[in-house]
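Report on the structure
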Amino acid sequence: EIERLDIVTNSSLITNPITADEAISPDNAAKISFEEEVFDFGDLIEGDVVEHIFKFKNTGKNPLIINLAQGSCGCTVPEWPREPILPGKGGVIKVKFNSKGKQES
């Protein structure tokens, strides 16, 4: 079973300028770039709790704010930085997966 992690950033300022205080052109927006976007935890014994760190960098021209990160179910729990990530700087999203009740399908 594959779990998905969704990231919501301040790029919504571009796609939803009406709800934003000030629209930013796509050329000047923050941009999140991950060192890796997929990680395979391999074979687990049901009940194992495993973690992985996803490193990212703001390759855009404005501060990056991650408003929300969530897994596709409650068994995948991300922790992300709440402070703005300045252009050229990076951060990490730690993902914890609890395999309890997850059996091979």
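Let me sum up the structure you'll find in this document. (Residues numbered from 1 in each chain as written. Predicted model: local features only at pLDDT ≥ 70, side-chain atom pairs only at ≥ 80, totals over all residues. Heavy atoms only, no water.)

This part takes up the environment of P26. The topology assignment puts P26 in the loop between α1 (12–15) and β2 (32–34). Taking the C-alpha atoms as reference, P26 lies 9.3 Å from G60; in sequence the two are 34 residues apart. (Helix = DSSP H or I, 4+ residues; strand = E, 2+ residues; numbered from the N terminus.)

According to the stated counting rule, one finds two salt bridges in the structure shown. When the shortest N-O distance is used, the salt bridge between K96 and E51 registers 3.6 Å. Taken together, the positions of K96 in strand β6 (residues 90–98) and E51 in strand β3 (residues 49–58) put the pair 45 residues apart, joining distant regions of the chain. (Salt bridge = Lys/Arg side-chain N within 4 Å of Asp/Glu carboxyl O.)

Before going further, it helps to examine the state of the cysteines. In the structure shown here, the tally under the stated rule is one disulfide. Shown here is the disulfide that connects C73 with C75, its sulfur atoms set 2.2 Å apart. On the accessibility criterion, C73 (24% relative accessible area) is partly exposed. (Disulfide = S-S within 2.5 Å. Buried < 20%, exposed > 50% of the residue type's maximum accessible area, 1.4 Å probe, protein only.)

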